[in-house]
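For reference, the chains in residue letters:
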Amino acid sequence: MGGLLALSRGIDRANDIIGRSVAWLILIAVIISAGNAVVRKVFNTSSNAWLELQWYLYGGAFLLAAAYTLKQNEHIRIDILYGVWSRRVQHWIDLFGHVFFLMPFVILMLYFFVPWVSYSFRSGEMSTNAGGLIIWPSKALLLAGFLLLFLQGLSEIIKKVAVMRGVIEDPNPFVSSHAAAELEGEASAASIMAEGVDPAKEPRK
């Protein structure tokens, strides 16, 4: 188990670096978008290349950060029954979801993306828009995003098994929305009390 956990830590570290780094792509895309808008309004000229570059940057940010989001357990989930079960049952639900839903889907996407991206690269596929960019880098982002997601899914499975066996602590302990609100309220009250202000005696406006 030690070797697998070392692999998991390496994957987590890599996706942590990548996920935090690609956040800057959003800023670059915003700057390009604003600059393109100013040039278009002031000089009455523009290029499809700048517009497509914005799409590439936004797509790169979301695709390359998907694995980091999974690592942080921040993907949106609809909790109908999950919160009422014990933490051990929740671990089994998570493990089942990773093994039978996440990983098969990601593997299927990789199976189709590899030849798709390879053909685009070899053919030098270009945008159909006038003055557009080459297409294969955007398709390669899809492949890279799902490859990182595959690795992170593998890491999550390793960690989940280790947590269930008591080898490591739960890196993402589940907190229901109600409990999270209570914790936030307690933290706010503690912060106010630390400043020497009694919420009950605070003057009303």
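Residues numbered from 1 in each chain as written. Predicted model: local features only at pLDDT ≥ 70, side-chain atom pairs only at ≥ 80, totals over all residues. Heavy atoms only, no water.

Enquirer: Please give an account of the overall build of the chain that cites residues and values.
Expert: When helices and strands are counted, the chain shows 5 helices and 0 strands. The secondary structure elements of the chain, listed N-terminal to C-terminal, are α-α-α-α-α. By the burial criterion, 29% of the 205 residues in the chain qualify as buried. Residue pairs in contact within the chain that sit at least 24 positions apart in sequence constitute 74% of those at least 6 positions apart. (Helix = DSSP H or I, 4+ residues; strand = E, 2+ residues; numbered from the N terminus. Buried < 20%, exposed > 50% of the residue type's maximum accessible area, 1.4 Å probe, protein only. Contact = heavy atoms within 4.5 Å.)

Enquirer: I'd love a proper account of the pattern of salt bridges, names of residues and values included.
Expert: Applying the stated rule across the entire model yields 7 salt bridges. With a shortest N-O distance of 3.2 Å, Lys160 and Asp94 are connected by a salt bridge. Residue Lys160 is found in helix H4 (residues 136-164), and its partner Asp94 is found in helix H3 (residues 87-123); the two are separated by 66 residues along the sequence. Note on accessibility: Lys160 and Asp94 belong to one class, buried. The partner of Glu125 in a salt bridge is Lys139, with the nearest N and O atoms 2.8 Å apart. Of the two residues, Glu125 is situated in the loop between H3 and H4 and Lys139 in helix H4; the sequence distance between them amounts to 14 residues. (Salt bridge = Lys/Arg side-chain N within 4 Å of Asp/Glu carboxyl O.)

Enquirer: I'd love a proper account of the packing of helix H1 (residues 2-43) against H4, names of residues and values included.
Expert: Contact geometry for H1 and H4: axes closest at 9 Å, N-to-C directions at 135°. The angle between H1 and H4 places the two elements in the oblique class. Pair H1 / H4 crosses with left-handed handedness. Contacts between H1 and H4 involve Leu4, Leu5, Leu7, Ser8, Ile11, Asp12, Asn15 and Ile18 from the former and Leu148, Leu151, Gln152, Leu154, Ser155, Glu156, Ile158, Lys159 and Ala162 from the latter. Looking at the contact of H1 with H4 residue by residue, the classes come out as 10 nonpolar, 4 polar and 3 charged. (Axes fitted to C-alpha atoms, helices over the stretch in contact; angles between N-to-C directions. Parallel < 35°, antiparallel > 145°, perpendicular 65-115°, else oblique. Left-handed = near helix turned anticlockwise from the far one by under 90°. Nonpolar A, V, L, I, M, F, W, Y, C, P; charged D, E, K, R; others polar.)

Enquirer: Before we move on, can you summarise the layout of surface pockets with the specific residues and values?
Expert: Roughly 650 Å³ of volume is contained in the largest pocket. Lining the largest pocket are 26 residues, and of these Leu70, Asn73, Arg77, Asp94 and His98 lie nearest its centre. Looking at which element gives the most residues to the lining of the largest pocket, the answer is H3, with 7 residues. Within the lining of the largest pocket, the residues separate by chemical class into 11 nonpolar, 6 polar and 9 charged. (1 Å grid on protein atoms, 1.4 Å probe; cavity = no way out; pocket = protein on both sides within 12 Å on 5 of 7 lines; lining within 4 Å. Points joined across faces, edges and corners; volume = space filled by probe spheres on them.)

Enquirer: I'd like to hear about the packing of aromatic side chains, residue by residue, with values.
Expert: Under the counting rule described, the total for this entry stands at 7 aromatic pairs. Ring centres of Phe105 and Phe146 lie 5.9 Å apart, and the angle between their planes is 65°; this geometry places the pair in the edge-to-face category. Taken together, the residues Phe105 in helix H3 and Phe146 in helix H4 connect sequence positions 41 residues apart. Look at Phe105 and you get partly exposed, because its relative accessible area is 43%. The buried category is assigned to Phe146, whose relative accessible area is 13%. (Phe/Tyr/Trp six-rings, centres within 6.5 Å; stacked < 30°, edge-to-face > 60°.)

Enquirer: Explain the nonpolar core to me, using residue names and the numbers behind them.
Expert: The biggest cluster of nonpolar side chains holds 9 residues, and these are Ala66, Leu70, Leu102, Val106, Met109, Leu110, Phe113, Phe146 and Leu149. Those elements giving two or more residues to this core turn out to be helix H2 (48-71), H3 and H4. It is H3 that contributes the most residues to this core, 5 residues altogether. Residues Val22, Ala65, Ala67 and Leu148 belong to the second largest nonpolar core, which totals 5 residues. (Core = buried A, V, L, I, M, F, W, Y, C linked by side-chain atoms within 4.5 Å.)

Enquirer: Which residues make up H3, and what are the values?
Expert: Residues that lie three or four places apart on an α-helix share one face, since the helix turns once every 3.6 residues. If you check H3, its first and last C-alpha atoms are 51 Å apart, about what 37 residues at 1.5 Å a residue would give, namely 54 Å. Of all the bends in H3, the largest measures some 35° and sits at His98. Just past H3, the residue Gly124 takes up positive phi, approximately 65°. (Expected span 1.5 Å × (residues − 1). Bend = angle between axes of the 7 residues up to and from the residue.)

Enquirer: So what's going on with a nonpolar patch on the surface? Which residues, and what values?
Expert: There is a patch of nonpolar side chains on the surface, built from Ile80, Leu81, Val84, Trp85, Val89 and Ile93 and spanning about 610 Å² of accessible area. Summarising the element assignment, Trp85 is placed in the loop between H2 and H3. (Patch = residues over 30% accessible without salt bridge, like charges linked within 9 Å, V, L, I, M, F, W, Y side chains within 5 Å. Areas by Shrake-Rupley, 256 points an atom, 1.4 Å probe, with all protein chains shown as cover.)

Enquirer: Outline the environment of Leu102, listing residues and values.
Expert: Its place among the elements puts Leu102 in helix H3. Measuring from C-alpha to C-alpha, the distance between Leu102 and Leu149 comes to 9.0 Å, with 47 residues separating the pair along the chain. Aside from chain neighbours lying at most four places away, what touches Leu102 is Leu70, Gly97, Leu149 and Gly153.

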